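Report on the structure
Residues per chain are reported as follows:
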Amino acid sequence: MSERKKVLVQINSLGLGGTEINAADLAAAVSAHGYESIIIAPRDTRRPGPSLLDIAQARGVEIELYDRPQSTLAGAWDLRSIANRHCADLVHVYGSWSSRPAFWGPCLLGRRPLVKTVYEMKVNADTVASGPELIIGTGYHLANIKGRRGGVHFLAPPVDLTQDDSGAVDPAAFMSHWGIDADQHRIVIVSRLEKELKATSINYAILAADILAPTGVQLIIVGGGECEAVFRQAAAEVNARHGRSVVHMTGPLSDPRAAYACASIVIGMGGSAARGLAFGKPLVVSGEFGWFRIFDRDNGPGLFSNGFWHPTASADPLNELTEALRSLLASQSLRDELGAFGRDFARQNFGLEEIALKLANVYSTALESYGARRWWADISLETGFLWRRITGRRGYRPLFLHEQSSGAGTQT
């Protein structure tokens, strides 16, 4: 590429969620392929403590804060002004529901290409335009997306295999700071502590740690959110019952790599599960409503296709998790085998450098193919949305919903 192209990357939060971290990682990595990214995020999502600003600074990526607009029209005007000021060549929006200001503003009439990344597990037809190049992060969506003018690209959420590596991090200071016993097994969760998606599996993990406490395990929970106070109270009760720190709550960390590095086992979903594999740790994948599976050679591809996630509840999730942890804790050789397999799987499927190259190719495709015709193809969707707003009808038509992959529901 003879000259660098500028990309305006729109995200919806400065929180330390997987989507936001992925956006920052890719914005930095795609620079090697001739693209300069400027991330924009709503100012009102900035909170005290660690945030995406810390990660972006560490990656050398610019983040500009803007005031969240009160309407699509106001948002379109603001985004157009920002894009013009940065001389942006294209706009990349993360989220299925947040691209309307970009559509009506900097991308009006196809002036700039629009690229969308949708990492959600459930997506509505009325929020996903047909014209832009669409990036998805879970493989099972591929078979369910039809009738689009723009291309569909499966780009797994990336992991930096150089930085996210047990050999690159010394966890000693982290363990000393939090009073973590090096002689006891360590089960690690790195997650937002939110009701949606996360809370149920984290609650079961605390209950499992309580059951397994006599064997000498520790549960380390890294993250913050609306459920943090509740989980801290539950942790305090477990710790008081056993007379030692069974559950450690660190709060949110902008760099949680030492937690992964010190883990004997990682419990996670989505991006945190992927990072656990990159660190060469045995992984227990957690579902949204109480569902747990060990990541192994038999079910690994299915769990990966499902985005390291599951939408249903098991009949007895607490026993399922406890027994999975027991089997891993009982065998160092099994943990070593699964850790090595996980690291190799990460290397083959979602290394940051490979995913960044794929994203650069998506940008190239968008620059070549998105124009006025693609833009006009989504006018009926946009006017339909406006009509529902005017008439008060808020129903959405499903475009692609989760269907369990055949390999995700089995464990050996």
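What comes next concerns the included structure. (Residues numbered from 1 in each chain as written. Predicted model: local features only at pLDDT ≥ 70, side-chain atom pairs only at ≥ 80, totals over all residues. Heavy atoms only, no water.)

A closer look at the overall build of the protein
A tally of helices and strands in the protein yields 15 helices and 15 strands. For the protein, the proportion of its 412 residues judged to be buried stands at 57%. Contacts spanning at least 24 positions in sequence make up 71% of the contacts within the protein whose residues lie at least 6 apart. Accessible area for the protein stands at about 17,300 Å²; split by element, carbon and sulfur atoms hold 51% of it. (Helix = DSSP H or I, 4+ residues; strand = E, 2+ residues; numbered from the N terminus. Buried < 20%, exposed > 50% of the residue type's maximum accessible area, 1.4 Å probe, protein only. Contact = heavy atoms within 4.5 Å. Areas by Shrake-Rupley, 256 points an atom, 1.4 Å probe, with all protein chains shown as cover.)

Structural notes on helix 13 (residues 352-369)
Residues lying three or four places apart along an α-helix face the same way, a consequence of the helix completing one turn every 3.6 residues. Under the 1.5 Å per step criterion, the end-to-end length of helix 13 is 25 Å for 18 residues, consistent within 8% with the ideal 26 Å. Burial in helix 13 covers these residues: L352, I355, A356, L359, A360, V362, Y363 and A366. Projected down its long axis, helix 13 shows its buried positions confined to an angular sector of 160°, all on one face. For helix 13, exposure combined with an orientation more than 90 degrees from the buried face picks out E353 and E368. (Expected span 1.5 Å × (residues − 1). Arc of directions from axis to C-beta.)

Remarks on the sheet that holds strand 13 (residues 283-286)
Overall, mixed pairing links the six strands, which are arranged 11-10-9-12-13-14 in an open sheet. The open sheet has two edge strands with one neighbour each: strand 11 (247-251) and strand 14 (292-294). Across this sheet, the average inter-strand angle for adjacent strands is 20°, counted without regard to direction. Here three bridges tie strand 13 to strand 14, and the two strands are oriented antiparallel to one another. Pairing of V285 across the sheet is with R293, part of strand 14. (Pairing = 2+ DSSP bridges. Axes fitted to C-alpha atoms, helices over the stretch in contact; angles between N-to-C directions.)

Considering empty space enclosed by the protein
Under the definition given, this model contains two cavities of 30 Å³ or more. The calculated volume of the largest cavity comes to roughly 100 Å³. Those elements giving two or more residues to the lining of the largest cavity turn out to be strand 9 (186-190), helix 6 (199-212) and strand 12 (265-268). In terms of residue class, the lining of the largest cavity is built from five nonpolar, five polar and one charged. (1 Å grid on protein atoms, 1.4 Å probe; cavity = no way out; pocket = protein on both sides within 12 Å on 5 of 7 lines; lining within 4 Å. Points joined across faces, edges and corners; volume = space filled by probe spheres on them. Nonpolar A, V, L, I, M, F, W, Y, C, P; charged D, E, K, R; others polar.)

Geometric values such as these leave the question of function open.
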